[in-house]
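Listed below are the residues making up each chain.
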Amino acid sequence: MQSVTLLAVTKTFDAQAVRDAHAAGQRAFGENYVQEALEKMQSLADLRGSIEWHLIGPLQSNKTRVVAASFDWVHTIDRLKIAERLSAQRDAGLPPLQVCLQVNISGEASKSGVAPADVPALARSVAALPGLHLRGLMAVPEPQGDFAAQRRPHRALARLLFDLNASGLALDTLSMGMSADLEAAIAEGATLVRVGSAIFGSRARQQG
Ligand SMILES: *Cc1c(COP(=O)(O)O)cnc(C)c1O
């Protein structure tokens, strides 16, 4: 079986929650909102050498510069323009920014992500950008009640990654699975699961 990286999703939780998880051995953290993440990074600057920051929320073009300077990973690339900006703005003294393409795997009209049919062309273009290292694909499937239905979109994403690798790319990351569907995602080959509430508790409670 593949090994699975746990990405601890800390949106709405404070810097102390990150510090506590880090003290317990967790290294990779996911944030959705750039501003919120930057504030936490500042209060956790002493951990910078041993912590990995992943952006898993939407990225607007006016935020690419600060994201290129502060994050290790971006999971939500769905347009070439954003990828080109991140590549150009990534400091040459830093390792390339690790990125995934976000795929609208359930075909929901309201969801961000590139359509599955457009993935191969975007992947080829992003893989050629010098400031980025394309690692794989990410998705947030439509919620499903039962296990078999949860597996289907994850299987589709895994198939897309397989096809990209068969076409000559060397991608190793399937970022799929959240608290509600992580078992189904792992069963379909997830290499990284993004888990918030199952670790830190319900976010609704935090917002009062
Ligand atoms: C919030 C979020 C998660 C974590 O969700 P949980 O249900 O709390 O595990 C994972 N991925 C993305 C893109 C998110 O926005």
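Predicted, not measured: the structure shown is a model, and the values here were computed from it. (Residues numbered from 1 in each chain as written. Predicted model: local features only at pLDDT ≥ 70, side-chain atom pairs only at ≥ 80, totals over all residues. Heavy atoms only, no water.)

Participant: Hey, could you run me through the site of the ligand in this one?
Facilitator: Taken together, 13 residues form the shell around the ligand, and within it Lys11, Asn32, Ser179, Ser197 and Arg203 come nearest. Within the contact set of the ligand, an oxygen atom lies 2.7 Å away from a side-chain nitrogen or oxygen of asparagine 32. Within the backbone of glycine 196, a nitrogen or oxygen atom sits 2.9 Å from an oxygen atom of the ligand. When the free accessible area of the ligand is taken as 390 Å², the share hidden by the protein chains comes to 89%. Spatially, the ligand is embedded in the largest pocket. (Near = heavy atom within 4 Å. Polar contact = N/O pair within 3.5 Å; in protein donor to acceptor, adjacent residues only side chain to side chain. Areas by Shrake-Rupley, 256 points an atom, 1.4 Å probe, with all protein chains shown as cover. 1 Å grid on protein atoms, 1.4 Å probe; cavity = no way out; pocket = protein on both sides within 12 Å on 5 of 7 lines; lining within 4 Å. Sits in = over half its atoms within 2 Å of the grid points.)

Participant: What is the right way to read the pattern of salt bridges from this model?
Facilitator: Side chains that differ in sign of charge can pair as their charged atoms come close. Applying the stated criterion to the full structure yields nine salt bridges. A salt bridge links aspartate 72 to arginine 48; its shortest N-O distance comes to 3.2 Å. Taken together, the positions of aspartate 72 in the loop between helix H3 (64–70) and strand S4 (73–77) and arginine 48 in the loop between helix H2 (34–43) and strand S3 (52–55) put the pair 24 residues apart, joining distant regions of the chain. On the basis of relative accessibility, which here comes to 18%, the residue aspartate 72 falls in the buried class. Overall, arginine 48 belongs to the partly exposed group, its relative accessible area being 35%. For arginine 151, the salt bridge goes to glutamate 188, with nearest N and O atoms at 2.6 Å. (Salt bridge = Lys/Arg side-chain N within 4 Å of Asp/Glu carboxyl O. Helix = DSSP H or I, 4+ residues; strand = E, 2+ residues; numbered from the N terminus. Buried < 20%, exposed > 50% of the residue type's maximum accessible area, 1.4 Å probe, protein only.)

Participant: Would you mind going over unusual backbone geometry with me for this structure?
Facilitator: Most of the time, phi is negative for any residue but glycine, and the peptide bond is trans. One non-glycine residue, threonine 12, lies in the positive phi region at around 70°. In this structure, threonine 12 sits in the loop between strand S1 (5–9) and helix H1 (15–23).

Participant: Would you mind showing me how to read the layout of surface pockets here?
Facilitator: Gaps left between atoms are located by rolling a probe of water-molecule size over the structure's atoms. Its volume calculated, the largest pocket comes out at about 450 Å³. Lys11, Val140, Pro141, Met178 and Arg194 are the residues nearest the centre of the largest pocket, which is lined by 27 residues in total. Broken down by element, the lining of the largest pocket gets its largest block of residues, three residues, from helix H6 (residues 147–166). Among the residues making up the lining of the largest pocket, the classes are represented as ten nonpolar, eleven polar and six charged. (Points joined across faces, edges and corners; volume = space filled by probe spheres on them. Nonpolar A, V, L, I, M, F, W, Y, C, P; charged D, E, K, R; others polar.)

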